[in-house]
Amino acid sequence: MIITVGESVCNYFPNTRYKSPVGECTLKMPWHPRCQTAEIWNLRVRKRLQNKGFGQKMLNEIFQFLKDKGVNYVALGCYRDNDRAMHVYRKLGFQPYYSVLQTDSEHMWLRKKLA
Ligand SMILES: CC(C)(COP(=O)(O)OP(=O)(O)OC[C@H]1O[C@@H](n2cnc3c(N)ncnc32)[C@H](O)[C@@H]1OP(=O)(O)O)[C@@H](O)C(=O)NCCC(=O)NCCS
């Protein structure tokens, strides 16, 4: 299991068999000492490998990475009608804390306590 983090781009390789990332996201680390929340942006798993458990494995790796860095919360945004993503986030312990009604769908912000 390898996560490379450079310039806040996180590439996920489940093992060394994979030559290109299975999943990716942008990880925004807390920039101020009093801010305890990291943010995950643009999370996606390669299309033909979706729905095989990689998204959840990748997120669990990210949670451990953040915990090891002493980060207490992680947040991300998701459209309410993205059923698969919302299922994964809720299953892994994210809870909605803010939402914005947009013309076509509701955009939710969800947060999870890591510590
Ligand atoms: C969202 C995403 C990152 C999840 O990664 P993934 O590898 O596909 O997800 P996993 O295989 O780990 O888990 C999928 C889960 O969703 C469930 N699921 C699949 N389709 C579903 C649906 N239409 N509604 C509800 N749940 C669904 C599966 O049963 C599984 O849950 P389980 O483990 O409890 O059985 C990935 O699908 C993706 O890249 N989607 C396109 C981009 C995207 O929407 N990114 C998120 C932006 S917020």
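All values reported here derive from a predicted model rather than from experimental measurement.

Q: Would you mind going over the site of the ligand with me for this structure?
A: With respect to spatial proximity, 18 residues lie near the ligand, and among them Arg44, Gln50, Gly55, Asp83 and His87 are the closest. The set of elements that each furnish at least two residues to the shell around the ligand consists of strand S4 (37-45), helix H1 (54-68) and helix H2 (83-91). Sorting elements by how many residues they give to the shell around the ligand places H2 first, with 6 residues. Looking at the shell around the ligand, its residues break down into 6 nonpolar, 7 polar and 5 charged.

Q: Help me understand unusual backbone geometry, please; the structure alone is not making it clear to me.
A: Trans peptide bonds make up the majority, and among non-glycine residues the majority have a negative phi. Non-glycine residue Asn42 carries a positive phi angle of around 55 degrees. Take Asn42: it is sitting in strand S4. Using a count of 12 C-beta atoms within 10 Å as the deciding quantity, one classes Asn42 as exposed. At Asn51, a residue that is not glycine, the phi angle is positive and equals roughly 65 degrees.

Q: Teacher, can you tell me more about the pairing of strand S2 (residues 9-13) here?
A: Residues in a regular strand point their side chains to alternate faces of the sheet. A one-sided burial pattern is seen for S2, the buried positions being Cys10 and Tyr12 and the unburied ones Val9, Asn11 and Phe13. Here S2 runs beside strand S3 (residues 23-28); their pairing, made up of 4 bridges, is antiparallel. In the strand pairing of S3, Asn11 is matched with Glu24.

Q: Help me out: how do you make sense of H1 in this one?
A: Two residues of an α-helix separated by three or four positions point the same way, owing to the 3.6 residues in each turn. Compared with an ideal rise of 1.5 Å per residue, which puts 15 residues at 21 Å, H1 spans 21 Å between its outermost C-alpha atoms and is within 8% of the ideal. Residues Gly55, Met58, Leu59, Ile62 and Leu66 constitute the buried set of H1. Considered in projection along H1, the buried side chains sweep an arc of 100 degrees and stay on one side of the axis. Away from the buried face of H1 by more than 90 degrees, exposed residues Asn60 and Asp68 are located. Those residues of H1 that are buried are in contact with S2, S3, S4, strand S5 (73-79) and H2. Where H1 terminates, the next one or two residues include Gly70, which has phi positive at roughly 85 degrees.

Criteria and thresholds
- Residues numbered from 1 in each chain as written.
- Predicted model: local features only at pLDDT ≥ 70, side-chain atom pairs only at ≥ 80, totals over all residues.
- Near = placed C-beta within 6 Å.
- Helix = DSSP H or I, 4+ residues; strand = E, 2+ residues; numbered from the N terminus.
- Nonpolar A, V, L, I, M, F, W, Y, C, P; charged D, E, K, R; others polar.
- Buried ≥ 20, exposed ≤ 12 C-beta atoms within 10 Å, placed from the backbone.
- Pairing = 2+ DSSP bridges.
- Expected span 1.5 Å × (residues − 1).
- Arc of directions from axis to C-beta.
- Contact = placed C-beta atoms within 7 Å.

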